Amino acid sequence: MKLSEAASIAWEAILKNKVRSFLTMLGIIIGVAAVIIMVAISAGTEATIQEQITSLGSNLVFIQGSMKRGGPGQAPSGGLVFDDAAAIEEGVSGVTSVVVEQNSSSNIKYSDLTLADISILGTTSGFPSVRDMEIADGRYFTDKEIDRKQKMVVLGAALATELFGEEDPINQIITVGTTKMTVIGVMAEKGLVGTTNYDSYIFMPITVVFQKFTPSQFARFLGDSIRMIYVEVDPDENIEDIITQTRLLLVKRHDLTLDTADFTVTTQQDIISTQESTTSAFRSLLAWVAGVSLIVGGIGIMNIMLVSVTERTREIGIRQSVGATPDDIRLQFLTEALMLSVVGGLIGIGVGIGGAYIFGSLSDMRTVVQLGSVALAFGSAAIVGAFFGYYPANQAAKLDPIEALRYE
Amino acid sequence: MNAQRKIIETVDITKVYGMGDISVAALSGVSITIAAGEFVAIMGQSGSGKSTLMHILGCLSRPTSGQYFLDGEDVSQLNKVQLAGVRNHKIGFIFQSYNLLARTSALRNVTLPLLYDHSNPRKQEEADAKAEKLLEMVGLSGRIHHQPHELSGGQQQRVAIARSLINDPVLVIGDEPTGNLDSHSGEEIMNLLHTLHAQGTTIVMVTHDPKIAAHTQRTISLLDGKVDFITHNGHNNTQQKQVKHETV
């Protein structure tokens, strides 16, 4: 029997039982579509993260304080303090600018509207530049205003809309916690940076945050605690040297050793690799889940093919009596299983690509259909069909012609 | 036997089912010869071994021992694949229950054996032309695209006869071909077999009905897995002479 003949017999058998064939294919359709959509979503997410990380600006070193409890009788070590920033700027060569941030949160009130638990970011004047953020309206605060602890704030884009709607926020007075402060600017929309949504933040001079939101009884002895120092490095300098210098300087200032350091230093590159390893783990998990559904689809095919072989025992006997060899019978049923999975795979590709497109346009997640995933899903479907089709086909081929002809 | 070409020659064939102590002999030493162009009936009660003999003659199974020469070729030791080839090239089957493929046109049913003719692949048009000719011969030229459920029993059996002839077999085997038919349709089918016989086809027919067997030239009666006696039927089915067969 030629392959084309086997294919046409298989096609007729599939058409004779349209509903059953479709239900059998459904497992494969869902499996293939799931692989394509899952990979499209994770590829879209990865692309978005990549863009965001690149938009942070390069040559940036992040120093993050890690809170450590002191031993018995010792004051808790607060990690980074405000004066560390100035020390780095003066003591480490190759540093072009140093920016500091400290976080808090508070309620915000404007006229009748109160927003609870808004994230506060106290920064120095270089913040918009190192984080690559634009001012949409008004301005950011200056170093002089920071020194004078001026009660002024800049609003994230989403927060500004929420508080003021159509109204112009500039020069309006809002109450942050219990402190009245003047709005001097609104940031341009930024979107998610990593997991941080700066659009809903309120920005204020770091000195005001120290004074009003994170006062500490130890500040007098240890200095004002801060969360993060951004160090922007001259692109011509060796970044590793600068990191080493910075670490040595800080442990000396904190009276610690490199092993007991109360801070961590990461670079842009570190963040990218961390993100990549998370998304690739995420991606392979999704691929496994989708792969499992493909296998389930394959088991569905095997199930139906076994039923089909039993139902068509008589037909097999007839074919054997007129000269079909075991190979002919095996080929016929294998082709049918393969065709179910291939047709299911093709429909699954359509559903997957369409689904990824619809999902991408209906939700705020980005989807990028990966050609590789389409090929992989389709190839797996075909392999699954052949694998799970072989056993039933072999059962059919092994039937004894006399027994098969007697089958009622 | 004369020097005529022998289509079937079995030499002391046996068929034993089961293994070891609990084995049952369905055939215990059957030697028969059927010449080209003969029309022979095999008769016997159920359990006589006639079905087993038919399966062996039709190459659907192999004898446990003994030899079976089909058209001069020893087919008693062939494997499954080779037996399939022999069925495909040399044998045509007509079954009691027609055994047509459901939801498949008469034409496709008739061409089915050609699908498995690996040594001589034919073009579809060629196969169709041959099948149409055969369907015309069995009187179904107007129904070539009908499916089995659209045909009467007699018509279905005629499709099966056309199918049994598509590969120009050296032997046509009928297994109670009129068993499922009313007497009128049965008569028509027997007439058709007579026509084939007149054209030179060798036909072996298994039946339990003496009236049907009387249509043939010779009746081989089996009893308990052995040839009991052979009856030579007269042309007008009136004079019959019985010859006690010497069993080996």
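Notes on the structure in this doc start here.

How each quantity is defined
Residues numbered from 1 in each chain as written. Chains lettered and ligands numbered in written order. Predicted model: local features only at pLDDT ≥ 70, side-chain atom pairs only at ≥ 80, totals over all residues. Heavy atoms only, no water. Core = buried A, V, L, I, M, F, W, Y, C linked by side-chain atoms within 4.5 Å. Buried < 20%, exposed > 50% of the residue type's maximum accessible area, 1.4 Å probe, protein only. Helix = DSSP H or I, 4+ residues; strand = E, 2+ residues; numbered from the N terminus. Contact = heavy atoms within 4.5 Å. Polar contact = N/O pair within 3.5 Å; in protein donor to acceptor, adjacent residues only side chain to side chain. 1 Å grid on protein atoms, 1.4 Å probe; cavity = no way out; pocket = protein on both sides within 12 Å on 5 of 7 lines; lining within 4 Å. Points joined across faces, edges and corners; volume = space filled by probe spheres on them. Patch = residues over 30% accessible without salt bridge, like charges linked within 9 Å, V, L, I, M, F, W, Y side chains within 5 Å. Areas by Shrake-Rupley, 256 points an atom, 1.4 Å probe, with all protein chains shown as cover. Salt bridge = Lys/Arg side-chain N within 4 Å of Asp/Glu carboxyl O. Lys, Arg positive; Asp, Glu negative; His and termini not counted. Charge placed at Lys NZ, Arg CZ, Asp CG, Glu CD.

This part takes up the nonpolar core. Formed by 72 residues in total, the largest nonpolar core has its most connected members in Ile8(B), Leu53(B), Leu57(B), Tyr68(B), Leu70(B) and Leu171(B). At eight residues, the largest contribution of residues to this core is made by helix α2 (residues 18–55) of chain A. Here Leu171(B) is in contact with Ile7(B), Ile8(B), Leu57(B), Tyr68(B), Leu70(B), Lys90(B), Ile91(B), Gly92(B), Thr202(B) and Val204(B), once residues within four sequence places are set aside. Core analysis: the next-biggest nonpolar cluster, separate from the first, contains 42 residues, Leu60(A), Val61(A), Met152(A) and Phe203(A) among them.

Turning our eyes to something else, we now look at the side chain of Glu38(B). Residue and element names in this part refer to chain B. Tracing the backbone shows Glu 38 in the loop between β3 (33–35) and β4 (39–43). For Glu 38, a relative accessible area of 12% corresponds to the buried category. Within the structure, the side chain of Glu 38 is placed 2.7 Å from the backbone nitrogen of Ala 35, a separation counted as a polar contact. At 2.8 Å, the side chain of Glu 38 forms a polar contact with the side chain of Arg 218. Contact partners of Glu 38, with chain neighbours within four places excluded, come to Thr 33, His 197, Thr 201, Thr 202, Ile 203, Gln 217 and Arg 218.

What follows concerns the layout of surface pockets. Of the pockets and cavities examined, the largest pocket occupies roughly 1100 Å³. Lining the largest pocket are 47 residues, and of these Lys16(A), Glu315(A), Arg319(A), Leu101(B) and Thr104(B) lie nearest its centre. At the level of secondary structure, the elements contributing two or more residues to the lining of the largest pocket comprise α1 (3–16), α2, α10 (268–311), α11 (313–321) and α12 (326–362) of chain A together with α3 (106–115) and α4 (124–137) of chain B. Among the elements that line the lining of the largest pocket, the one with the most residues is α1(A), at seven residues.

Before going further, it helps to spend a moment on a negative patch on the surface. Residues and elements named next belong to chain A. A cluster of acidic side chains, namely Asp 236, Glu 237, Glu 240, Asp 241 and Asp 270, defines a negative patch on the protein surface. Along the chain, the position of Asp 236 falls in the loop between β11 (228–233) and α9 (239–253). Residue Asp 236 is classed as exposed on the basis of its relative accessible area of 72%.

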